[in-house]
Each structure stands twice: as structure tokens, then as C-alpha cells.
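# Secondary and tertiary structure notes
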Amino acid sequence: MTQAQIRHDWTIDAIEALFAQPFNDLLFTAQQVHRQHFSANQVQVSTLLSIKTGACPEDCKYCPQSAHYDTGLERERLLAVEKVLAEAAAAKQQGASRFCMGAAWRNPKDRDMPYLIDMIKGVKQLGLETCMTLGMLTPLQAMALREAGLDYYNHNLDTSPEFYGEIITTRTYQDRLTTLQNVRDAGLKVCAGGIVGMGESRRDRAGLLQQLANLPQHPESVPVNMLVKVAGTPFEQLDDLDAFEFIRTIAIARILMPKSMVRLSAGREMMNEQMQALCFLAGANSIFYGERLLTTANPAASKDQQLFTKLGIEPMPHEDYSDEVHQAVIADDLSEQQQPRYYEVS
Ligand code: SAM
Ligand code: DTB
Ligand code: SF4
């Protein structure tokens, strides 16, 4: 097989044709593409922490944190920086290489920025990669997070432009694309994906992947979430998506975005080991690790360690920057960045 081309001109019809392939053919192609760019038996592990929980003004129909639905979730204000750093240290101890901090916000307020910046600096000093997902960002906010040392920003497109209106009414698809552009322009790495199993059609799944693959630059990380059906949300009673259709979605994400990390994201708690193994075979090479996602359950770390052992998978190493030499360089870089303030003080 010749080297997979990095393309940004995918048509929905071409993507639907991939969906229609025999399963074995599709997985074979995806695994070939995967091996051109990645070590076949390594999976990157990230740990998630909800740094601000619940009472979100947005109406995303899948989300347990939306104030529009009664899911019984206990709301929590922005966590103290020390608490976040203690959780990050524990995640590192468990073997995570990246720490992702999520907030149930439409967007961060400028008054939150100093705390977010301290969280980023502190987590980096532990030698972990940093990721945040805080909702929409202005260009200045994105730059401020980058200057603090943030590595990745997660912001999902969630679904196709056509289906989007069925899921969320409080922000537009274009709002999401604009935030992704702001994140990219600030020099942050982009983590963008979506959710399947929300009652969308196969064409919508193809449409989501088309949007991601036809961005000017592929996201470095592409989370594919299986809907977690939470009681109290409008999607509580939806039918399950067929497992093979989910695996096909992973395989096509791998083929369309050959160099991106494809993350087998939410929903693993409901998947058996065999299904997860097929997702890895289809080209998924990243997971959330630790028994909690943001507010819902994820498999226990010990269970994932057992699965990795059974499959001969190793956690993907990432360079540890917590030694003295790297820390001196980071401190130096940060002190040079004291001058500009990229957000308004309210
Ligand atoms: N509030 C910010 C935002 O929406 O961008 C950040 C946090 S939000 C919880 C991050 C992502 O989690 C959403 O974009 C969605 O893709 C995913 N998510 C939320 N609830 C989910 C659920 N029940 N099942 C699967 N994925 C979910
Ligand atoms: C993403 O795509 N999935 C993660 C992360 N990015 C922030 C979140 C999944 C949340 C699942 C529901 C919950 O635990 O609240
Ligand atoms: Fe709020 Fe994010 Fe949940 Fe939407 S997905 S309700 S923006 S926390």
C-alpha cells in the first residue's frame, strides 16, 4: 500500500462509500493506514477531571451538565488550584501522560483566567501534557492559555451540520468552527471530534467526519464518543447504536485523518473487551483512563491495565518534563511571557 495521503477534500459520498465497505476490508485498510504512522501496539492514556461541574447554560441534549435538564447532578464551582494539582499528581501516579480539565461553561469568564493559568502551569510542572475543554474561546483567551503552556484544547463539533440543530440550540455550528480556528491560530494543538449514537443517520456520521477531515489542518486528536445515555436528559431512551457501526466510524476517522490520534472516548463502560479490541484494530490509539470521565463512569484503571496486558498494548510514552533541567527551561519561558495580558481584567 502506498503512503496514505493527507487530504482535505473528502466528499460525503466518498465517506459513505467507505461506510458501505465489507467490515473486514474496511478494518484491513484502517489497520494498514494506522501502521504507516503509529506503533501498532501503543495507546495513549489521558485522565479527565471536571474542574467546574453542572449548571451549564447550554442545552446540549446529551449532556448531564446542562441546567436545562434535571439529571440530579450536584453542581460544583471552579475547583481550587491545589485540588486540581493533587488530582493531576494522582493521575500521573496511575500512569496517565496527559491531564484534561473540563468545565461546564458556555465559555470561560475573564475572571476565571488567572486560575486556569495557574492550573496549566502547575500540571505542566508535574511533567504531564495539558488539555482543557472550557467551551467557546475568544482569540485572546486562546492565546493566554497557550502562553501559560497549554498543549491541547478540546472542542467538539459533535455531529454533522445538518443534524446539529436537533442536538443544541444555544450555539451554532459556526460558533464551534470559529473557536477551533481561534485555538489553531493561537498555536494550540486541536482536539476535536464528536458523539455517535444520538439518533443521527449514517450520512450524519459521514458529515461529521467530513467536517473534521476537511478542516485546514487535521485535529491532532479526534475523540469519538459513544453517547452515554444519562437519565433526565432528552436522550435517555434512545436506541443503542450497533457496535459495528461505531467501529466503522473509528476506522473511517483513522483512514481520513491518518496522522491524528483517534480517541476511543466516552462509552467504554458499556463496551465489552472484544469491542474495544476491535476499536484498537480499527485504528483507535488513545483512551480516557481512570474511573471517571467528567461526571459519568469509565472503566477502572486496573481493568484497563488487564485489557492492555491481554492485548499486548503498552501505554504510549510521552516525554516527561518534570526533571530539573526541563523545569528550569519551562520557568524561563514562562518568565519571558509575563508581559502581555491576553484577556481583559473584569
Ligand atoms: N462545556 C464544554 C463544551 O461543551 O465544549 C466542555 C465540556 S463538554 C462536557 C465536552 C464534550 O463532552 C462535549 O462536546 C461532548 O462531545 C462530550 N459529552 C458530553 N456529554 C456526553 C455524553 N452523555 N455522552 C458522550 N459524550 C458526551
Ligand atoms: C470528549 O470528547 N469526551 C470527553 C472529553 N472530550 C471532555 C467528555 C465525555 C463526557 C461524558 C459524559 C460525562 O462524563 O459527563
Ligand atoms: Fe455545557 Fe459542554 Fe454540557 Fe453542552 S456539553 S451542556 S456546553 S457542559
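A short tour of the structure in this document, coming up.

### Regarding the side chain of Q31
Secondary-structure assignment places Q31 in helix α2 (residues 23-37). By relative accessible area, Q31 is classed as buried at 12%. Engagement of the side chain of Q31 in a polar contact is seen with the backbone oxygen of L281, the distance being 2.7 Å. In contact with Q31, other than residues within four places in its own chain, are A40, F280 and L281.

### Structural notes on the site of ligand 2
As a matter of local geometry, ligand 2 sits amid 13 residues, with N156, N225, L294, T295 and T296 nearest to it. N154 places a polar side-chain atom, nitrogen or oxygen, 3.2 Å from a nitrogen atom of ligand 2. Protein chains shield 88% of the accessible area of ligand 2, which is 410 Å² for the free molecule. Tallied by class, residues from the shell around ligand 2 come to six nonpolar, seven polar and no charged.

### What to know about the packing of helix α10 (residues 273-281) against helix α11 (residues 301-311)
It is at 11 Å that the axes of α10 and α11 come closest, and there the two elements cross at 60 degrees. Looking at the two axes, α10 sits oblique to α11. Seen from above, α10 lies across α11 with right-handed handedness. Side by side, α10 and α11 meet where E273, Q276, A277 and F280 of the first sit next to D304, L307, F308, K310 and L311 of the second. Here the residues of the contact of α10 with α11 sort into five nonpolar, one polar and three charged.

### Quick word on the environment of A266
Among the secondary structure elements, A266 is positioned in the loop between β8 (261-264) and α10. Take A266: its relative accessible area is 12%, and that puts it in the buried class. The spacing of A266 and N225 is 41 residues in sequence and 4.6 Å in space, taken between C-alpha atoms. The contacts of A266, once residues within four sequence positions are left out, are V224, N225, M226, V228, M271 and L293.

The rules we used
- Residues numbered from 1 in each chain as written.
- Chains lettered and ligands numbered in written order.
- Predicted model: local features only at pLDDT ≥ 70, side-chain atom pairs only at ≥ 80, totals over all residues.
- Heavy atoms only, no water.
- Helix = DSSP H or I, 4+ residues; strand = E, 2+ residues; numbered from the N terminus.
- Buried < 20%, exposed > 50% of the residue type's maximum accessible area, 1.4 Å probe, protein only.
- Polar contact = N/O pair within 3.5 Å; in protein donor to acceptor, adjacent residues only side chain to side chain.
- Contact = heavy atoms within 4.5 Å.
- Near = heavy atom within 4 Å.
- Areas by Shrake-Rupley, 256 points an atom, 1.4 Å probe, with all protein chains shown as cover.
- Nonpolar A, V, L, I, M, F, W, Y, C, P; charged D, E, K, R; others polar.
- Axes fitted to C-alpha atoms, helices over the stretch in contact; angles between N-to-C directions.
- Parallel < 35°, antiparallel > 145°, perpendicular 65-115°, else oblique.
- Left-handed = near helix turned anticlockwise from the far one by under 90°.

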